[in-house]
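Here's the letter readout for the chains.
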Amino acid sequence: MDLSRIKVETAQEILRLLQTCSEIDLLFSELQECFQLISRQVPWIDPFMLTCEKTSQHIEFYYYDPETQSAEAIVLKQNSEFQFLFREEDHWNLNDEVRDNEEIAREILTWSALREPQTVREVMDLIKNGFWRFDCQQIPKLSGEPPVDLREVISWDDKCVLTGTTLQNMDVITREEWQRIVAREHWYDEEGS
């Protein structure tokens, strides 16, 4: 998993787009391509949704100025998080707070889904909170040697394993506890045969 590299490359591309595009429609289609590329490179992430909506829906009505602000905004959503980007006079504006292109490019990529988890507990939180898909094959393995038995193991780090066969029975347990469970299952299998 190299989310850092993907984020750096995507931020550079978004910065280039912000500097060269001045129309909502053009930027919208280019940003869709950027986020589709992220989805292809990081298949365990729930997809990002991009839509065009009225800018006035996202700004307090008394702050919206149709003379200086674009009628439409690009709305980026992923699970419970969202951001909106609109044109204001001669620059881009993110969330009616950020006006510097470099900062916008960085902020656009601050999604929970693009965090690099350090522990399997963080991986479980990303899955349970709907930012990552429950997919035993795609979820990255963080560090350390693989556990003795990989059946029902979703991911692992140096100290713990993330186990489960469904979203509902996912759990984080220590490697030692996992070894005891595996040993007990092997004992039952040998005794039962």
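In this report, the structure presented in the accompanying data block is examined. (Residues numbered from 1 in each chain as written. Predicted model: local features only at pLDDT ≥ 70, side-chain atom pairs only at ≥ 80, totals over all residues. Heavy atoms only, no water.)

A closer look at unusual backbone geometry
Even without glycine at this site, Asn 79 takes up a positive phi of about 55°. Relative to the elements of secondary structure, Asn 79 occurs in the loop between β2 (72–78) and β3 (81–88). Residue classification places Asn 79 among the partly exposed positions, given a relative accessible area of 44%. One non-glycine residue, Glu 89, lies in positive phi territory at about 50°. Note on Glu 89: relative accessible area 57%, which makes it exposed. (Helix = DSSP H or I, 4+ residues; strand = E, 2+ residues; numbered from the N terminus. Buried < 20%, exposed > 50% of the residue type's maximum accessible area, 1.4 Å probe, protein only.)

Quick look at the sheet that holds strand β7 (residues 171–174)
Spatial ordering of the open sheet is given by β5-β6-β7, a layout of three strands whose pairing is antiparallel. The sheet is open, and its two borders are formed by β5 (153–156) and β7, each paired with just one other strand. Here the average twist between neighbouring strands, direction ignored, is 30°. Bridge analysis of β5 against strand β6 (residues 160–163) gives three bridges, and the strand direction is antiparallel. Residue pairing in the sheet places Val 153 in a bridge with Thr 163 of β6. (Pairing = 2+ DSSP bridges. Axes fitted to C-alpha atoms, helices over the stretch in contact; angles between N-to-C directions.)

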